[in-house]
Amino acid sequence: MSMTPDQQMLEDTARQFFAERSPPGAVRANRTAGRSFDPTLWQQIGELGFSGALIPESHGGSGIGYRGLGLVLEAAGRTLCASPLLQSSFIGAAAVLRHGSAAQQASLLPRIAMGELTLALAVDETPHHHPENTRTVARHVDGGWVLNGRKRFVADGDSASLLLTLARIDTAGAESDALRWFLVPSATAGVTRQRLHTVDGEGFADIEFAAVDLGADAALGTASPTSWQDVLDVACIALASTMQGSAEAALALTLDHLKTRTQFGQLIGSFQSLQHRVARLHVDLQLARAAVTGALDELDARGHVTADPRLHRLASLCKALCGDALHDVSNETVQLHGGIGMTDVHDSGLFLKRARVLETLYGTSSHHRDRYARLAGI
Amino acid sequence: MSNIEEFRLETRQWLETHCPASLRTPMSEREVVWGGRNATFPSDDAQRWLQAMGERGWTAPTWPRSYGGGGLTAEQNAVLQEELRRIKARPPLYSFGLWMFGPVLLEFGSEEQKQRFLPPIVRGETRWCQGYSEPGAGSDLASLATRCEDHGEHFLINGQKIWTSYANLADWMFCLVRTDTRTKHGGISFVVFDMRTAGVETRPIRLISGDSPFCETFLTDVRVPKDQLIGPLNGGWEIAKRLLMHERTNISAEAFGNAAGLDLIETARQFVGLREGVLANTDLRARIARHRMRDEAFRLAVQQARTGHGRSSSAATSALASSFKVAAASLNQERCELLLECLGHEGLGWEGEGFSTDALRATRHWLRSKGNSIEGGTTEINLNVIAKRVLGLPDPV
Ligand SMILES: Cc1cc2nc3c(=O)[nH]c(=O)nc-3n(C[C@H](O)[C@H](O)[C@H](O)COP(=O)(O)OP(=O)(O)OC[C@H]3O[C@@H](n4cnc5c(N)ncnc54)[C@H](O)[C@@H]3O)c2cc1C
């Protein structure tokens, strides 16, 4: 579907805001300040209505919808902006909207919309994404749950107030094949967080749950072998929107260089071998963009319903295509800049580092091709 | 009920009555209907289907009613296409007139020319061919040399065209000619003529796939009436480029690969076999998956471009046309290569016993697909267009 005038305006506002307020160089400023994001920036993002974009007005949000928030994430991705927007406003809000009870929605959504409560998705436990092998266990006890396990590489895990955690249900001492989402306040006794220093400088953490006591209302949705999956689909689509933005910005950076750098008495952008390489990247990005748009529109069209095969397919499609495109663009960005691209003062490296982190998060392109293939009967 | 929903219901009912059941099945290349004076139809149903759609103007749904078109809005046309897809209706007509010549005539032709040429295109009564390429002018099309001289009452044309698809079967040609030798792009004009005109001779050329869908076309003292010049004298290059955009867009929308035939996944499962529920050859499986995903994204892109009216300046459309052409060509070539690989020895037959009809057809399609990155502007030329027009990269000095 084409963009509505509202969405067009939203995109313009978002692009301008992130370009002015948080250009790629802000990554270095955060690194120097030893923080994973800038809290003042987060407050401004909230004031613009972005943090409540998915949340209906009745719960204090702006009800812009998935496509709208996707455009905002893309704009943030263009400048490599670090903030809880992806984890909390998109993935976290979507999980509560799709799986939360009326009571959970009433208590959580307004605070997510305000930006005072932030969520982070805690799913992976090993170096690769295999959610169906989740070993973190939730045991049902009188009036609540006890959680044990360990999550690795949790994005925003160092700062989020609520951890959206995938756990296996233990019934009467036997592990079942049912998984379920839990909302674990990170300040609860038994939760330990270990900040990780990743190449991109964002706020990753490893998290340990040691006999964490949770109330009955910590559980989200139902326990099932499949119904938890749509949250990960949403996460992949959100991530893909961000990656699309980063890839387009890296290509734009490269094009600027091709139009200004002279060698052999020519602008290097006049060399056809280079023109064809970037033209192919442009075509790849158009396919990736179509996949992201298709997935966001699908989310909006279906409302907050749970898992279905078409959503799985589109989520894997856009995660893999954006992953491949960003991978290739980020490599070419360094290569076509030559020596300057290898230096820390230049932004090429920032895009390259962030690219690999986003590509790996919630399944590499290869993981998602495999999943897509299964869904398509290949 | 909204107007558009009403339109959907009416359309559905109309199609129910007029689209014969036998035309709701996949179509092979041989069953394509091209229309024209010597039209052939694979069945009476196919003829009835073309007649019904032509009368309603739905072969050219968005052209104005006054020229025989359907007069539909973009939104209505989207609904019509959805309904056609829903019942798996075959296209009633393939036509260079519909895809290429008609759209530029609507934009550049005189009122009298539109009245004369458009309605027969809609009804499938005239079959057109494209006289662009010459032996010395391929990618560098504007270097074309076919001479067109003003002889007072008429033009006189002398020269040679090549790779003219279906010239031997066509009724009329739209043709680029040189009317001024002093300037390159500014000396080209766009004319049309009947292929029965004295001095027009076509010789089919045989392709690697064994078919002969295109020709050498010789033009010797061909007299063309003056009212068959489209647009201004020496103003043909603008029209030529616009037509190429329509050609590329159409090639992509039709995605080459709509050609019916073996389903890639089915063939892979059958010929390569499964292990633990998935394709046994993991390397091939990965490449098929990658291909299918790009293919799905491409289809989404085409669909979004069709329904999108947010940013469709003609510059944007032209830029998109080149990207889509590059993608469509590589996707179809990839699909044909993968299909051949899945078929193994079965995919290496040329003709005769020992090979299934489907496999033989796949082999011929594979050979034909090599032309996808050449016809309608090569992939290299389209990458040049993207680099310069879309990405704004400089020319060497
Ligand atoms: C199946 C098929 C159907 C066709 N139907 C028609 C038709 O109906 N009417 C018609 O008029 N024509 C038709 N054509 C012709 C087609 O448009 C030309 O073949 C095409 O434009 C290429 O021209 P050429 O063959 O002279 O190759 P050339 O232009 O000689 O190209 C040779 C190679 O050089 C490359 N090259 C050339 N210039 C550049 C450059 N500047 N930068 C980088 N690489 C370059 C090309 O990409 C190509 O790889 C058809 C072709 C095919 C294959």
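Coordinates for the structure precede this section.
Criteria and cut-off values
- Residues numbered from 1 in each chain as written.
- Chains lettered and ligands numbered in written order.
- Predicted model: local features only at pLDDT ≥ 70, side-chain atom pairs only at ≥ 80, totals over all residues.
- Heavy atoms only, no water.
- Helix = DSSP H or I, 4+ residues; strand = E, 2+ residues; numbered from the N terminus.
- Rg over C-alpha atoms; globule rule 2.2 N^0.38 Å.
- Buried < 20%, exposed > 50% of the residue type's maximum accessible area, 1.4 Å probe, protein only.
- Contact = heavy atoms within 4.5 Å.
- Areas by Shrake-Rupley, 256 points an atom, 1.4 Å probe, with all protein chains shown as cover.
- Lys, Arg positive; Asp, Glu negative; His and termini not counted.
- Charge placed at Lys NZ, Arg CZ, Asp CG, Glu CD.
- Buried area = accessible area lost by both parts, 1.4 Å probe.
- Salt bridge = Lys/Arg side-chain N within 4 Å of Asp/Glu carboxyl O.
- Polar contact = N/O pair within 3.5 Å; in protein donor to acceptor, adjacent residues only side chain to side chain.
- Nonpolar A, V, L, I, M, F, W, Y, C, P; charged D, E, K, R; others polar.
- Near = heavy atom within 4 Å.
- Phe/Tyr/Trp six-rings, centres within 6.5 Å; stacked < 30°, edge-to-face > 60°.
- Lys NZ or Arg CZ within 6 Å of the ring centre and 35° of its normal.
- Axes fitted to C-alpha atoms, helices over the stretch in contact; angles between N-to-C directions.
- Parallel < 35°, antiparallel > 145°, perpendicular 65-115°, else oblique.
- Left-handed = near helix turned anticlockwise from the far one by under 90°.
- Expected span 1.5 Å × (residues − 1).
- 1 Å grid on protein atoms, 1.4 Å probe; cavity = no way out; pocket = protein on both sides within 12 Å on 5 of 7 lines; lining within 4 Å.
- Points joined across faces, edges and corners; volume = space filled by probe spheres on them.
- Core = buried A, V, L, I, M, F, W, Y, C linked by side-chain atoms within 4.5 Å.
- Arc of directions from axis to C-beta.

## Overview of the overall build of chain B
Now for step 1: For chain B, the helix and strand inventory stands at 11 helices and 10 strands.
Now for step 2: Taken against the 2.2 N^0.38 rule, which gives 21 Å for 397 residues, the C-alpha radius of gyration of chain B at 22 Å falls within 12% of a compact globule.
Now for step 3: Taken across its 397 residues, chain B has 52% of its residues classed as buried.
Now for step 4: Within chain B, contacts between residues at least 6 apart in sequence are counted, and of these 70% link residues at least 24 apart.
Now for step 5: About 18,500 Å² of surface is accessible on chain B, with carbon and sulfur atoms providing 50% of the total.
Now for step 6: Once the 47 positive and 48 negative side-chain charges of chain B are each reduced to a mean point, those two points are 3 Å apart.

## A look at the overall build of chain A
Now for step 1: What chain A contains, in helices and strands, is 11 helices and 10 strands.
Now for step 2: Computed over its C-alpha atoms, the radius of gyration of chain A comes to 21 Å, within 12% of the 21 Å expected for a compact globule of 378 residues.
Now for step 3: The principal-axis extents of the C-alpha atoms in chain A amount to approximately 80 × 50 × 40 Å.
Now for step 4: Here chain A, with 378 residues, has 60% of them falling under the buried criterion.
Now for step 5: A fraction of 74% describes how many contacts in chain A between residues 6 or more apart in sequence connect residues 24 or more apart.
Now for step 6: Total accessible area computed for chain A in this model is approximately 14,100 Å², and 54% of it derives from carbon and sulfur atoms.
Now for step 7: Taken together, the 33 basic and 40 acidic charged side chains of chain A have centroids lying 5 Å from each other.

## Some details on the interface of chain A and chain B
Now for step 1: Each side of the interface is counted separately: chain A has 44 residues, and chain B has 42 residues.
Now for step 2: On the chain A side of the interface with chain B, the three residues burying the most area are Leu287, Arg369 and Ile378 of chain A, jointly 19% of the side's total.
Now for step 3: Between chain A and chain B we count 4 salt bridges in total.
Now for step 4: Ionic pairing is found between Arg285 of chain B and Asp370 of chain A, a salt bridge with its closest N-O pair at 2.6 Å.
Now for step 5: In this assembly, chain A and chain B are joined by 14 residue pairs in polar contact (both at pLDDT 80 or more).
Now for step 6: Breaking the side of chain A that touches chain B down by element, the ones donating at least two residues are helix 1 (5-21), helix 7 (229-258), strand 10 (266-267), helix 8 (272-302), helix 9 (309-337) and helix 11 (365-375) of chain A.
Now for step 7: Of all the elements, helix 8 of chain A adds the most residues to the side of chain A that touches chain B, at 15 residues.
Now for step 8: Each residue belonging to the side of chain A that touches chain B can be placed in one class, and the counts come to 19 nonpolar, 16 polar and 9 charged.

## A short note on the site of the ligand
Now for step 1: Lining the immediate environment of the ligand, one finds 18 residues, of which Gln272 of chain A together with Ser133, Ser139, Trp163 and Thr378 of chain B sit closest.
Now for step 2: Near the ligand, the surrounding residues belong to chains A and B.
Now for step 3: Between the ligand and the protein, one listed contact pairs a nitrogen atom with a backbone N or O atom of Gln130 of chain B at 2.8 Å.
Now for step 4: Between the ligand and Thr378 of chain B there is a distance of 2.7 Å, counted from an oxygen atom to a side-chain nitrogen or oxygen.

## Regarding the packing of aromatic side chains
Now for step 1: Enumeration over the complete set of coordinates arrives at 25 aromatic pairs over all chains.
Now for step 2: For the ring pair Trp34 of chain B and Phe96 of chain B, a centre distance of 5.7 Å and an interplane angle of 85° mean the geometry is edge-to-face. Taken together, the residues span a long stretch of sequence, with Trp34 of chain B in the loop between helix 1 (3-18) and helix 2 (44-56) and Phe96 of chain B in helix 4 (residues 96-108) at a distance of 62 residues.
Now for step 3: Accessibility expressed as a relative area gives 11% for Phe96 of chain B, which makes it buried.
Now for step 4: An aromatic cluster is present here, built from Phe101, Phe117, Trp128, Tyr132, Trp172, Phe174 and Phe190 of chain B joined pairwise through their rings.
Now for step 5: Positioned over the ring face of Phe153 of chain A is Arg152 of chain A, at 4.5 Å from the centre of the ring.

## Let's talk about the pattern of salt bridges
Now for step 1: Here the structure, examined in full by the defined rule, presents 57 salt bridges over all chains.
Now for step 2: Glu11 of chain A is the salt-bridge partner of Arg15 of chain A, the closest N and O atoms lying 3.6 Å from each other. Placement of both Arg15 of chain A and Glu11 of chain A in helix 1 is noted, with a separation of 4 residues, approximately one turn of the helix.
Now for step 3: By relative accessible area, which is 28% here, Arg15 of chain A ends up partly exposed.
Now for step 4: The partner of Arg24 of chain B in a salt bridge is Glu16 of chain B, and the shortest N-O contact between them spans 3.5 Å.
Now for step 5: Residue Glu16 of chain B is classed as partly exposed on the basis of its relative accessible area of 48%.
Now for step 6: Via salt bridges that share partners, Glu11, Arg15, Glu74, Arg78, Glu248 and Arg289 of chain A belong to a single interconnected network.

## Here's the deal with the packing of helix 1 of chain A against helix 4 (residues 65-78) of chain A
Residues and elements named next belong to chain A.
Now for step 1: Their axes nearest at 9 Å, the elements helix 1 and helix 4 cross at an angle of 25°. With respect to helix 4, the axis of helix 1 lies roughly parallel. Between helix 1 and helix 4 lies a crossing whose hand is right-handed. On the side of helix 1, the interface is formed by Gln7, Leu10, Glu11, Ala14, Arg15 and Phe18, while helix 4 contributes Arg67, Gly68, Leu71, Val72, Glu74, Ala75, Ala76 and Arg78.
Now for step 2: In the contact of helix 1 with helix 4, the residues fall into 7 nonpolar, 2 polar and 5 charged.

## Focus on helix 9 of chain A
Residue and element names in this part refer to chain A.
Now for step 1: With 29 residues, helix 9 should cover 42 Å at 1.5 Å per step; its first-to-last C-alpha distance of 42 Å lies within 8% of that length.
Now for step 2: With 21 of its 29 residues buried, helix 9 lies for the most part within the structure.
Now for step 3: Taken from the residues just after helix 9, Gly338 is the one with a positive phi, measuring 70°.

## What about unusual backbone geometry?
Now for step 1: Not every positive phi belongs to a glycine, and Phe264 of chain A is a case in point at roughly 55°.
Now for step 2: Along the chain, Phe264 of chain A turns up in the loop between strand 9 (262-263) and strand 10.
Now for step 3: Taking the relative accessible area as the measure of exposure, Phe264 of chain A reaches 78% and is therefore exposed.
Now for step 4: In the Ramachandran plot, Asp221 of chain B falls in the positive-phi region, its phi being about 50° despite a non-glycine side chain.
Now for step 5: Relative to the elements of secondary structure, Asp221 of chain B occurs in strand 7 (residues 214-225).

## Here's the deal with empty space enclosed by the protein
Residue and element names in this part refer to chain A.
Now for step 1: Tallied over the full model, the rule gives 4 cavities of 30 Å³ or more.
Now for step 2: If you add up the space inside the largest cavity, you get close to 200 Å³.
Now for step 3: Around the largest cavity, the lining comprises 21 residues; the ones closest to its centre are Cys81, Ser83, Leu86, Glu202 and Arg354.
Now for step 4: Secondary-structure elements contributing two or more residues to the lining of the largest cavity are helix 4, helix 5 (85-99), helix 7 and helix 10 (348-360).

## So, the environment of Asp12 of chain A
All names here are of chain A.
Now for step 1: Within the element layout of this structure, Asp12 appears in helix 1.
Now for step 2: For Asp12, a relative accessible area of 43% gives the class partly exposed.
Now for step 3: As a C-alpha pair, Asp12 and Ala75 span 63 residues in sequence and 8.8 Å in three-dimensional space.

## Describing the nonpolar core
Now for step 1: The biggest cluster of nonpolar side chains holds 117 residues, and the ones touching the most others in it are Phe18, Leu121 and Tyr362 of chain A.
Now for step 2: The element that contributes the greatest number of residues to this core is helix 7 of chain A, accounting for 16 residues.
Now for step 3: In this structure, Tyr362 of chain A is in contact with Gln87, Ile91, Leu121, Val123, Asp124, His129, Ala155, Ala235, Cys236, Leu239 and His368 of chain A, ignoring residues within four places of it in sequence.
Now for step 4: Counting 56 residues, the second largest nonpolar core, distinct from the first, contains Met53, Leu98, Phe174 and Val192 of chain B.

## A few points about helix 3 (residues 39-47) of chain A
Spacing of three or four residues puts side chains on the same side of an α-helix, whose turn is 3.6 residues.
Residue and element names in this part refer to chain A.
Now for step 1: Of all the residues in helix 3, the buried ones are Leu41, Trp42 and Ile45. Buried residues along helix 3 cover an arc of 100° about the axis, so they all sit on one side. Turned more than 90 degrees away from the buried face of helix 3, the exposed residues are Pro39, Gln43 and Glu47.
Now for step 2: Two to three positions downstream of the cap, the backbone nitrogen of Thr40 sits 3.0 Å from a side-chain oxygen, assigning the N-cap of helix 3 to Asp38.
Now for step 3: Backbone geometry just after helix 3 places Gly49 at a positive phi near 90°.

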